[in-house]
Amino acid sequence: KYSDYLKEQLVVNAYFEENYDIKDSAKIAKQEAVAVELINKMEAVKRTKYITKKMATAEAKKSLGIDTEALFEEDIYPASVEVSLKAGYTDSIKTANVLKELKAIPGIKEVKNDTDSQKIYDNLNKILKWILGFCLLFLVLAIVLINNSIRLKVFSKRFIIKTMQLVGAKRRFILTPFIKEALILGLLGAVIGLSALFGVWYYFTTAIKTPFVQDTNQYIWLVISIFGVGLFITVLSTIIATWRFLKSNVDDLYYS
């Protein structure tokens, strides 16, 4: 989500015609309003900001540190629209297609985007793929480690399990304490994981002071997902490991 937020900071500037007769000002203003409306309707557009010629001149004065009107007898900069793209349209190919669509809109003379920023966003996509790959790898490693730990724990109690079964205990009765323990371990693991995650996130949002704000519903689903995964892995591993010894013969216990 934060990467999407960063991508949506990519701005494309669409410039309107700057040389026109003063008597056509009303017509040009109407044409620009229609163009802005068409841009807002584009699927790739997140938001837009219309900049008039006066606003462009004022911004130029501010950036150049000039307060006098001597160098700005008239508004020499064209009106434009700052177009912020949606996260899914910030790669080079899709951005190029958006630029073509913008150029095709009547009234727009020129379209520019920051090529250096474009390279950064392209590299960000590559980094995200590597992060996703590492996340999947760590998930697999976590599942394997949790499963092996539970199997070793159950293995150490295989004789107790078989003894209870031989004296007439039902499989559900034998499984119940193991499942309860697995639930506690799953909840504990989820709490530790969430504490670490939100600790890092708190530092990220306060120390770095990023303006990015995530939807509360996403936090709720994140908590539910982590608790769900933690409980599912521990309970499933416990049931599989315990069931193996419930189905085995007494002689097999010495060779398991």
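Residues numbered from 1 in each chain as written. Predicted model: local features only at pLDDT ≥ 70, side-chain atom pairs only at ≥ 80, totals over all residues. Heavy atoms only, no water.

**Student:** Got a minute to help me understand the overall build of the protein chain in this structure?
**Tutor:** Tallying secondary structure elements over the protein chain gives eight helices and four strands in all. Each helix and strand of the protein chain, ordered N terminal to C terminal, gives the series α-β-α-β-α-β-α-β-α-α-α-α. Looking at the protein chain alone, contacts between residues at least 24 apart form 80% of all its contacts between residues at least 6 apart. Split by element, the accessible area of the protein chain, about 17200 Å² in all, is 64% carbon and sulfur. (Helix = DSSP H or I, 4+ residues; strand = E, 2+ residues; numbered from the N terminus. Contact = heavy atoms within 4.5 Å. Areas by Shrake-Rupley, 256 points an atom, 1.4 Å probe, with all protein chains shown as cover.)

**Student:** Explain the environment of Val11 here, please?
**Tutor:** Along the chain, the position of Val11 falls in strand 1 (residues 11–16). Its relative accessible area of 26% is what places Val11 among the partly exposed residues. When the C-alpha atoms of Val11 and Asn113 are compared, they prove to be 6.6 Å apart, with 102 residues separating the residues in sequence. In this view, Val11 contacts Glu82, Val83, Ser84, Asn113 and Asp114; residues no more than four positions away in its chain are not counted. (Buried < 20%, exposed > 50% of the residue type's maximum accessible area, 1.4 Å probe, protein only.)

**Student:** I would appreciate a short explanation of the sheet that holds strand 1 in the present structure.
**Tutor:** Sheet strands line up and pair through hydrogen bonds in the backbone, either parallel or antiparallel. Across the sheet, which stays open at both edges, the four strands sit in the order 2-3-1-4 with antiparallel pairing between neighbours. A strand with exactly one partner marks an edge of an open sheet, and here the two such strands are strand 2 (45–51) and strand 4 (108–113). The average angle at which neighbouring strand axes cross in this sheet is 20 degrees, direction not considered. Strand direction decides the pairing type here: strand 1 and strand 4, joined by five bridges, are antiparallel. When the sheet's bridge partners are listed, Val12 is paired in strand 4 with Asn113. Contacting strand 1, strand 2, strand 3 (80–85) and strand 4, helix 2 (residues 25–40) runs over the sheet at an angle of about 165 degrees to strand 2. (Pairing = 2+ DSSP bridges. Axes fitted to C-alpha atoms, helices over the stretch in contact; angles between N-to-C directions.)

**Student:** Mind showing me how you'd approach the pairing of strand 3 here?
**Tutor:** A regular strand places its side chains on the two faces of the sheet in alternate fashion. Within strand 3, five of the six residues are buried, which leaves it mostly tucked inside the rest of the structure. Note that strand 1 and strand 3 share five bridges and pair antiparallel. Each bridged residue has a counterpart across the sheet, and for Ala14 the counterpart in strand 3 is Val81. In terms of strand pairing, strand 2 meets strand 3 through six bridges, oriented antiparallel. Within strand 3, the position partnered with Lys49 by the bridge is Glu82.

**Student:** How should the nonpolar core be read in this particular structure?
**Tutor:** Nonpolar side chains in soluble globular proteins tend to be buried together. Of all hydrophobic cores here, the largest spans 19 residues; its most connected members are Ile39 and Leu102. The set of elements that each furnish at least two residues to this core consists of strand 1, helix 2, strand 3, helix 4 (92–103) and strand 4. Among the nonpolar cores identified, the runner-up in size contains ten residues, and Val154, Ala169, Ile174 and Leu246 belong to it. (Core = buried A, V, L, I, M, F, W, Y, C linked by side-chain atoms within 4.5 Å.)

**Student:** Please clarify how helix 6 (residues 158–166) should be interpreted in this entry.
**Tutor:** Owing to its 3.6 residues per turn, the α-helix brings residues three or four apart onto one side. Every buried residue belonging to helix 6 is among Arg158, Ile161 and Lys162, and all of these are buried. Axial view of helix 6: buried residues confined to an arc of 95 degrees, hence all on one face. Trailing helix 6 by a residue or two, Gly168 shows a phi angle of about 105 degrees, which is positive. (Arc of directions from axis to C-beta.)

**Student:** Looking at this structure, I do not really get a nonpolar patch on the surface. What am I missing?
**Tutor:** A cluster of nonpolar side chains, namely Trp130, Phe134, Leu137, Phe138 and Leu141, defines an oily patch on the protein surface of about 580 Å² accessible area. Locating Leu141 in the fold gives a position in helix 5 (residues 115–155). (Patch = residues over 30% accessible without salt bridge, like charges linked within 9 Å, V, L, I, M, F, W, Y side chains within 5 Å. Salt bridge = Lys/Arg side-chain N within 4 Å of Asp/Glu carboxyl O.)

**Student:** Hey, could you run me through the pattern of salt bridges in this one?
**Tutor:** Should the charged atoms of two oppositely charged side chains come close, the side chains can pair. Within this structure, the stated rule accounts for three salt bridges. Two residues, Lys112 and Glu110, come together in a salt bridge whose shortest N-O distance is 3.5 Å. With a relative accessible area of 44%, Lys112 lands in the partly exposed category. For the salt bridge of Lys153 with Glu181, the shortest nitrogen-to-oxygen distance reads 3.2 Å. Remark: Glu181 occurs in helix 7 (residues 171–206) and Lys153 occurs in helix 5; sequence separation between them is 28 residues. By relative accessible area, which is 35% here, Lys153 ends up partly exposed. The exposure class of Glu181 is partly exposed, given its relative accessible area of 28%.

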